[in-house]
Amino acid sequence: MALSKEYDEFHLTPSGWRQGTVKSDNETRFVRPPNDRVLTYQYGDCTPCMGAEPYHTKRLVFGSEKGVENLFQQFGADPSGYEDWVNK
């Protein structure tokens with residue numbers, strides 16, 4: 001079991017990125033996905049054990065990256081602050 005496993009969800013919509021559910025070690029703040037979402041990424045932050053380096057993950061949890069290139073060009077392929085996270 002990981003020492004810390006948190007995530008933030010972001011939904012790409014025709015009007016841009018929208019914050020979704022946020023899970024911290026202490027609580028989960030559920031946010032209903034927008035009806036017009038095209039895709040959803042989950043950006044994870046995990047510390048596997050005491051003294052280990054934390055690592056970041058990016059996981060597609062809804063939709064497809066195909067056919068959304070125009071939205072990526074307009075709003076970016078990731079929300080601000082998450083550009084360097086790794087797909088896993």
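Details of the structure are given in the entry above.
The rules we used
Residues numbered from 1 in each chain as written. Predicted model: local features only at pLDDT ≥ 70, side-chain atom pairs only at ≥ 80, totals over all residues. Heavy atoms only, no water. Helix = DSSP H or I, 4+ residues; strand = E, 2+ residues; numbered from the N terminus. Buried < 20%, exposed > 50% of the residue type's maximum accessible area, 1.4 Å probe, protein only. Contact = heavy atoms within 4.5 Å. Areas by Shrake-Rupley, 256 points an atom, 1.4 Å probe, with all protein chains shown as cover. Lys, Arg positive; Asp, Glu negative; His and termini not counted. Charge placed at Lys NZ, Arg CZ, Asp CG, Glu CD. Core = buried A, V, L, I, M, F, W, Y, C linked by side-chain atoms within 4.5 Å. Pairing = 2+ DSSP bridges.

Turning our attention to the overall build of the protein. From N to C terminus, the protein includes one helix and five strands. Along the protein, helices and strands appear, N-terminal first, in the series β-β-β-β-β-α. If you line up the protein on its principal axes, its C-alpha atoms span 40 × 25 × 20 Å. Here the protein holds 88 residues, and 33% of them are scored as buried. Partitioning the intrachain contacts of the protein with sequence separation of at least 6 by distance along the chain shows that 57% fall at a separation of at least 24. Surface exposure of the protein reaches about 5,800 Å², of which carbon and sulfur atoms provide 49%. For the protein, the distance from the average position of its 10 positive side-chain charges to the average position of its 13 negative side-chain charges is 7 Å.

Grouped together as the largest cluster of nonpolar side chains are eleven residues: Phe10, Leu12, Trp17, Leu39, Tyr41, Tyr43, Val68, Leu71, Phe72, Tyr82 and Trp85. Within the residue set of this core, elements represented by two or more residues are strand S1 (4-13), strand S4 (39-47) and helix H1 (69-75). Top element by residues in this core is S4. It accounts for three residues. Those residues in contact with Trp85, other than ones at most four positions away along the chain, are Tyr43, Gly44, Asp45, His56, Thr57 and Lys58.

Read across the sheet, five strands follow the order S3-S2-S1-S4-S5 without closing on themselves; strand pairing throughout is antiparallel. The open sheet has two edge strands, strand S3 (28-29) and strand S5 (55-63), and neither has a second partner. Pairing geometry for S1 and strand S2 (residues 16-23), over six bridges, is antiparallel. Directly across from Leu12, in S2, lies its bridge partner Trp17.

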